[in-house]
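Listed here are the chains, written in short residue letters.
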Amino acid sequence: MWTTGDDLLRQLGALGNPHRLRIVAALRAERTYVSKLARELRISRALLQVHLRKLEAAGLVEASFEVGEDGKTLRFYELTPFSVVLTPETIAAAVPTLTTPDSVQRDGEEGRT
C-alpha cells in the first residue's frame, strides 16, 4: 500500500507498462532469478533488469542474492505484498502529500498560455 502521493505515482507508473505487468504475473507464481524470468517472458536480461529496477523502486518487488549449486551468485526477485486501492477519496488523500510541482502535475502543460 502506498503512503504518500509520490508513492502512489511510483506504483501506478511502475504498473503502467505491459512488460512490468507480465513480470508481476510471473512472480505471483514463484520467486525466481533473472535469467530464468527473462527466458520465461522472452525478453532480454538487460530489458528485464530495467523493468525490475522500476518495480523495485516502487516497492512492488524485492531482490536477494543467493549462491547457486555451481557457485555463481544469482539475483532472485519476488513480489512484495501490495494493494493499490483507487477511489476518489484515496486520491484526494494522496494529493496533499505530492511533492511534484503543480506545473508538472498538469501533464506537461508547463509554459502554455
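Just above sits the structure.
Report on the accompanying structure. Remember, predicted model here, so these are calculated numbers, not experimental data.

With respect to the overall build of the protein chain
Right, so step 1: Looking only at helices and strands, one finds 6 helices and 3 strands in the protein chain.
Right, so step 2: Along its sequence from the N terminus, the protein chain presents helices and strands in the succession α-α-β-α-α-β-β-α-α.
Right, so step 3: Counting over 113 residues, the protein chain shows a buried share of 28%.
Right, so step 4: Within the protein chain, contacts between residues separated by at least 24 positions form 51% of all contacts whose residues are at least 6 apart in sequence.
Right, so step 5: With the model as given, the accessible surface of the protein chain reaches about 7,500 Å², and the carbon-plus-sulfur share is 54%.

Section: the nonpolar core
One recurring pattern in soluble globular proteins is that nonpolar side chains are buried together.
Right, so step 1: Within the largest apolar cluster, 18 residues are counted, with the highest numbers of intra-cluster contacts made by Ile23, Leu27, Leu37, Leu41, Leu48, Leu52 and Leu55.
Right, so step 2: Those elements that provide at least two residues to this core are α1 (5–15), α2 (18–29), α3 (34–41) and α4 (45–57).
Right, so step 3: Discounting residues that sit within four places of it in the chain, Leu41 has contacts with Arg22, Ile23, Ala26 and Leu48.

Structural notes on the pairing of strand β3 (residues 73–79)
Right, so step 1: In terms of strand pairing, strand β1 (residues 32–33) meets β3 through 2 bridges, oriented antiparallel. The residue of β3 that forms the bridge with Thr32 is Tyr77.
Right, so step 2: Inspection of the sheet shows strand β2 (residues 61–67) paired to β3 by 7 bridges, in the antiparallel sense. Each residue of the ladder has a partner; that of Ala63, found in β3, is Tyr77.
Right, so step 3: In sequence, β2 turns back onto β3 through a hairpin of 5 residues, with Gly71 there showing a positive phi of about 90°.

A few points about the pattern of salt bridges
Right, so step 1: Inspection of the entire model under this criterion finds 4 salt bridges.
Right, so step 2: In this structure, the salt-bridge partner of Arg10 is Asp7, at a minimum N-O distance of 2.6 Å. In this pair, Arg10 and Asp7 are both assigned in helix α1, 3 residues apart and thus about one turn of the helix distant.
Right, so step 3: Note that Arg75 is salt-bridged to Glu56, the shortest N-O span being 3.7 Å. You can see Arg75 sitting in strand β3 and its partner Glu56 sitting in helix α4, a full 19 residues away along the chain.

Re the sheet that holds β2
Two strands in a sheet stick together by hydrogen bonds in their backbones, pointing the same way (parallel) or opposite ways (antiparallel).
Right, so step 1: Here we have 3 strands laid out as an open sheet, ordered β1-β3-β2, and antiparallel in their pairing. The outermost strands of the open sheet, each flanked by one partner alone, are β1 and β2.

Section: unusual backbone geometry
Right, so step 1: Residues other than glycine seldom take positive phi values, yet Arg42 does so here, at roughly 60°.
Right, so step 2: Locating Arg42 in the fold gives a position in the loop between α3 and α4.

Overview of the environment of Gly5
Right, so step 1: Within the secondary structure, Gly5 sits in helix α1.
Right, so step 2: In this structure, the C-alpha to C-alpha distance between Gly5 and Ile91, residues 86 residues apart in sequence, is 7.9 Å.
Right, so step 3: Contacts of Gly5, omitting those with residues within four sequence positions, involve Ala94, Thr97 and Leu98.

Rules behind the numbers
- Residues numbered from 1 in each chain as written.
- Predicted model: local features only at pLDDT ≥ 70, side-chain atom pairs only at ≥ 80, totals over all residues.
- Heavy atoms only, no water.
- Helix = DSSP H or I, 4+ residues; strand = E, 2+ residues; numbered from the N terminus.
- Buried < 20%, exposed > 50% of the residue type's maximum accessible area, 1.4 Å probe, protein only.
- Contact = heavy atoms within 4.5 Å.
- Areas by Shrake-Rupley, 256 points an atom, 1.4 Å probe, with all protein chains shown as cover.
- Core = buried A, V, L, I, M, F, W, Y, C linked by side-chain atoms within 4.5 Å.
- Pairing = 2+ DSSP bridges.
- Salt bridge = Lys/Arg side-chain N within 4 Å of Asp/Glu carboxyl O.

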